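# Results of the structural survey
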2 protein chains.
Amino acid sequence: MSGRTAARRDVLRTTAAERGLDAVLVTNLLNVRYLTGFTGSNGALLVRVESSPAHPGDLFGTDGRYTTQAGVQVPDVELVVDRATVPALARAAVRRGAGRIGYESHDLTVDGLHGLERVLADAAAGGTAPELASVRRAVEAQRAVKDDDEIEALRRACAVADQALAELAAEGALRPGRTELEVGRELDARMLALGAEAPSFETIVAAGANSAIPHHRPDRTELRAGDFLKLDFGATVDGYHSDMTRTLVLGHAADWQREIYSLVAASQAAGRAALAVGADVVAVDAAARDVIVAAGHGDHFPHGLGHGVGLEIHEAPGIGQQGAGRLAAGMAVTVEPGVYLPGHGGVRIEDTLIVTDDAPELLTLTSKELLVL
Amino acid sequence: MSGRTAARRDVLRTTAAERGLDAVLVTNLLNVRYLTGFTGSNGALLVRVESSPAHPGDLFGTDGRYTTQAGVQVPDVELVVDRATVPALARAAVRRGAGRIGYESHDLTVDGLHGLERVLADAAAGGTAPELASVRRAVEAQRAVKDDDEIEALRRACAVADQALAELAAEGALRPGRTELEVGRELDARMLALGAEAPSFETIVAAGANSAIPHHRPDRTELRAGDFLKLDFGATVDGYHSDMTRTLVLGHAADWQREIYSLVAASQAAGRAALAVGADVVAVDAAARDVIVAAGHGDHFPHGLGHGVGLEIHEAPGIGQQGAGRLAAGMAVTVEPGVYLPGHGGVRIEDTLIVTDDAPELLTLTSKELLVL
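Residues numbered from 1 in each chain as written. Chains lettered and ligands numbered in written order. Predicted model: local features only at pLDDT ≥ 70, side-chain atom pairs only at ≥ 80, totals over all residues. Heavy atoms only, no water.

Within chain A one finds 10 helices and 19 strands. Taking the principal axes of its C-alpha atoms as reference, chain A extends roughly 75 × 40 × 35 Å. Within chain A, the proportion of its 373 residues that are buried is 54%. Counting contacts in chain A only where the partners sit at least 6 residues apart, residues at least 24 apart contribute 67% of the total. Total accessible area on chain A is roughly 14,700 Å²; 52% of this is exposed by carbon and sulfur atoms. Averaged over its 35 positive side-chain charges, chain A has a centre that lies 3 Å from the centre of its 51 negative ones. (Helix = DSSP H or I, 4+ residues; strand = E, 2+ residues; numbered from the N terminus. Buried < 20%, exposed > 50% of the residue type's maximum accessible area, 1.4 Å probe, protein only. Contact = heavy atoms within 4.5 Å. Areas by Shrake-Rupley, 256 points an atom, 1.4 Å probe, with all protein chains shown as cover. Lys, Arg positive; Asp, Glu negative; His and termini not counted. Charge placed at Lys NZ, Arg CZ, Asp CG, Glu CD.)

Now the structure itself:
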């Protein structure tokens, strides 16, 4: 792992140099995890552009609870043990001669910035305090393209979700009379038993008319024969999130159900087919959306087509009508069109995939044929 | 619930008036939940000091995904549906004549503040933009004292943890040969089955020498006869977190194990006895710490005595040598001294309790006798 995280820090180092910075102070905890491998709850990282034996390079800060863990997870970065990680790293940056320090203005709070400014002024001891400049979402942009370790974690996270659903279906746990809450809890418990650290998000189980609510919270609604059952869930493995939606029918599927299912399946296939290196995210959304609009259901698809997925369940790139940017090889994204008929029911079909130079790699392998249980 | 949240907003309204503010913009999502009952992932609240029929009072902002949910959970606050909740509420505040707006500088990011300043300047349209002033942790200070609904949620969260552990022990799941990871996952799954939304935090299962690591992450270490088994875990119910640690021995307890167990139990009892309205948090820590120091183990107790618990697993008040402030009736706190002998094993005993005018109310009811399984 540490070779991988060192390579990630080097990419950020290059970005920092290009922006005329001497160092970058990384405070977003997921960005710190990405760049170091550290999984604790308190940590910050200073990535320095210049590195020499006299002034060794990067510094990782955490508190005394994590001294042992930091030694194991971050063996290749000099450790600073201090409860107040950001001031400690800022003082170290000044001592090592940083004149212009990047920081994450989307993560650091107003109080955090004021504290940092005070520390830098004190550390400069009457001299010129270093200048602070936002690096914006530089690390998030880097995280949008996954490396092999990340793709492997996503594969495992998707496999856990696939298997949990397969086991529940095989055991007859998805049957009339059970409640959404019961099914959701069993799906969560099964993912944990299969090695997930946690569900990726609050599992959505939506039966009957509830399936027409895009983000329904499971409640005591009972599953009934002839109803749609929409399951949107995922597993977290090594910090990486899978995301999958399948919509089933219990008992006999009516014609209207088969119709909107086929429509959403065709839209989803079109969206997957549009995942190509260099594709504009708005065009990818349109490829799937056009299928639904052409069938007269445009108003029944009120959300974007998909989103990046990784250490966060929603991360760059966004794939939607308001998105911007192009896909790159190694991006992990969801494709999840839906058609929701208020009061009746809705269908969403969602996969997690990796963009490649060839066809996208499908990570969520559960069948997308209309499953009638 | 909505009468309760209205009362909470009125307390904040009084704080705002005392500080010369016309309104407070609440961005911290847990504070928004506390003040409205909203459990979604995007929401902000504007609490206005002045309220009249012409200019109705508070405003709650969220995006279109949550329109239905907001109607159910926040029926008594005017709804503003906008993906960008903070700008939308800021514009509304200007329209309603706010001249001085409080904001949460410990929560709002630097980018968020800059965006807010731009919105206020635009909304003032050439006139004087409202002034922004930090309210610091005003809502967190209010949250430190729990009302009856909150205490009831904490009771249920503690009961789930108690029952999960009792079931595992009764079924023989805590036996030599099992791994820490297996025990942790079963504890988590059991809490979910008993109605928890999630574990309160990453469950700690530490066997043998691992029990000497205060915050050990469960791994493939096997439980062995004669070893300590330290379990630190909790359940989240209605957003409220329980927190409990118990240390057991598998098989026969050695004299040294009984000795440090008795010492920690005596320290923990002293800490619980010191929980009184008006008590200084440093003195509460000292009451428990002195017992351990007197036995010559002061260096083996390297953390604070406890912390507040509620919508967050760690919240105000902190109870430790670096703490400040006094206890008040209705505060929910943990008392969790520990003695850790590196390479051998450690004991921590932790309860969640409510400070009252009388003796504290114990919420975690699992026995603290040394359990030898």
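Right, let's get into the pairing of strand S8 (residues 204-207) of chain A. Residues and elements named next belong to chain A. Taking every second residue as pointing to the same face, both faces of S8 are buried, with Ile-204 and Ala-206 on one and Val-205 and Ala-207 on the other. Taken together, the four bridges between S8 and strand S9 (residues 228-233) define a ladder with antiparallel strand orientation. Across the sheet, the residue bridging to Ile-204 is Asp-232, located in S9. (Pairing = 2+ DSSP bridges.)

This part covers the packing of helix H8 (residues 180-193) of chain A against helix H8 (residues 180-193) of chain B. A pair of packed helices is characterised by two quantities: the angle between their axes and the separation of those axes. One can describe the packing of H8 of chain A onto H8 of chain B by two numbers: an axis separation of 10 Å at closest approach and a directional angle of 180 degrees. Here H8 of chain B runs roughly antiparallel to H8 of chain A, going by the angle between their axes. Residues Arg-185, Asp-188, Ala-189 and Leu-192 of chain A of H8 of chain A pack against Arg-185, Asp-188, Ala-189 and Leu-192 of chain B of H8 of chain B. Of the residues contributing to the contact of H8 of chain A with H8 of chain B, the split by class is four nonpolar, no polar and four charged. (Axes fitted to C-alpha atoms, helices over the stretch in contact; angles between N-to-C directions. Parallel < 35°, antiparallel > 145°, perpendicular 65-115°, else oblique. Nonpolar A, V, L, I, M, F, W, Y, C, P; charged D, E, K, R; others polar.)

Once chain B is rotated about the relating axis by 179 degrees and shifted along it by 0.0 Å, it coincides with chain A to within an RMSD of 0.0 Å. Both copies of the chain, as the preceding transformation shows, are related through a two-fold rotation axis. Minimal C-alpha distance to the rotation axis in chain B is attained by Thr-109 of chain B, lying at 1.9 Å. In this assembly, 100% of the residues forming the interface of chain B have copies in chain A that are likewise at the interface, indicating an isologous arrangement. (Least-squares fit on C-alpha atoms with pLDDT ≥ 70 in both.)

Another aspect to go through is the sheet that holds strand S12 (residues 244-249) of chain B. Residue and element names in this part refer to chain B. Sheet architecture is open: four strands sit in the order S8-S9-S12-S20, paired in mixed fashion. Of all the strands in the sheet, just strand S8 (204-207) and strand S20 (371-372) have a single pairing partner and so form its edges. Its contacts with the sheet put helix H9 (residues 255-273) on strand S9 (228-233), S12 and S20, and the angle it makes with S9 is roughly 30 degrees.

A few words on the packing of helix H7 (residues 148-170) of chain A against H8 of chain A. Residues and elements named next belong to chain A. As a packed pair, H7 and H8 sit with axes 9 Å apart at the nearest point and diverge in direction by 130 degrees. Looking at the two axes, H7 sits oblique to H8. Handedness of the H7/H8 crossing: right-handed. Here Val-160, Ala-161, Ala-164, Leu-165, Glu-167 and Leu-168 of H7 lie close against H8, whose contacting residues are Val-183, Glu-186, Leu-187, Arg-190 and Met-191. (Left-handed = near helix turned anticlockwise from the far one by under 90°.)

So, about H7 of chain A. All names here are of chain A. Here H7 spans 32 Å end to end across 23 residues, near enough to the 33 Å set by a 1.5 Å rise per residue. Taken together, the buried positions of H7 are occupied by Glu-150, Ile-151, Ala-153, Leu-154, Ala-157, Cys-158, Val-160, Ala-161, Asp-162, Ala-164, Leu-165 and Leu-168. Positioned one or two residues after H7, Gly-172 has a phi angle of 75 degrees, which is positive. (Expected span 1.5 Å × (residues − 1).)

Tallying the contact residues gives 20 residues for chain B and 21 residues for chain A. Buried surface at the junction of chain B and chain A, summed over both partners, amounts to about 1,800 Å²; 56% is from carbon and sulfur atoms. On the surface where chain B and chain A come into contact, there are two salt bridges. Seen at the junction of chain B and chain A, the total is 12 residue pairs in polar contact (both at pLDDT 80 or more). Secondary structure elements with two or more residues in the side of chain B that touches chain A: helix H5 (110-124) and H8 of chain B. (Buried area = accessible area lost by both parts, 1.4 Å probe. Salt bridge = Lys/Arg side-chain N within 4 Å of Asp/Glu carboxyl O. Polar contact = N/O pair within 3.5 Å; in protein donor to acceptor, adjacent residues only side chain to side chain.)

So, about the pattern of salt bridges. Throughout the structure, instances matching the rule amount to 61 salt bridges over all chains. Where Arg-348 of chain B meets Glu-336 of chain B, a salt bridge forms, and the shortest distance between an N and an O atom there is 3.9 Å. Separated by 12 residues along the polypeptide, Arg-348 of chain B in strand S17 (residues 345-348) and Glu-336 of chain B in the loop between strand S15 (332-335) and strand S16 (338-341) bring together distant segments of the chain. Of the two residues examined, Arg-348 of chain B and Glu-336 of chain B, each falls in the buried class. Here the salt bridges do not stand alone but share partners, grouping Arg-9, Asp-10, Arg-13, Asp-58 and Asp-76 of chain A into one network.

To continue, consider the pairing of strand S14 (residues 315-319) of chain A. Residues and elements named next belong to chain A. For strand S13 (residues 306-308) and S14, the ladder comprises three bridges, and the chain directions are antiparallel. By the bridge assignment, Gly-306 is partnered in S14 with Ile-319. Hairpin connection of S13 to S14: six residues between the antiparallel strands.

Residue and element names in this part refer to chain A. You can read the domains of chain A as domain 1 (2-143) and domain 2 (148-362). The gap between the C-alpha centroids of domain 1 and domain 2 is 37 Å. If you look at the interface, domain 1 gives six residues, while domain 2 gives nine residues. Sorting the residues of domain 1 by area buried against domain 2 places Arg-4, Arg-33 and Arg-143 first, and these three jointly supply 59% of that buried surface. Along the contact surface separating domain 1 from domain 2 lie three salt bridges. Our enumeration of links across domain 1 and domain 2 arrives at four residue pairs in polar contact (both at pLDDT 80 or more). Elements with a contribution of two residues or more to the side of domain 1 that touches domain 2: helix H1 (2-18) and helix H2 (29-36). In terms of residues, the side of domain 1 that touches domain 2 owes the most to one element, H2, which gives three residues. Within the side of domain 1 that touches domain 2, the residues separate by chemical class into two nonpolar, no polar and four charged. (Domains from an automatic or database assignment.)

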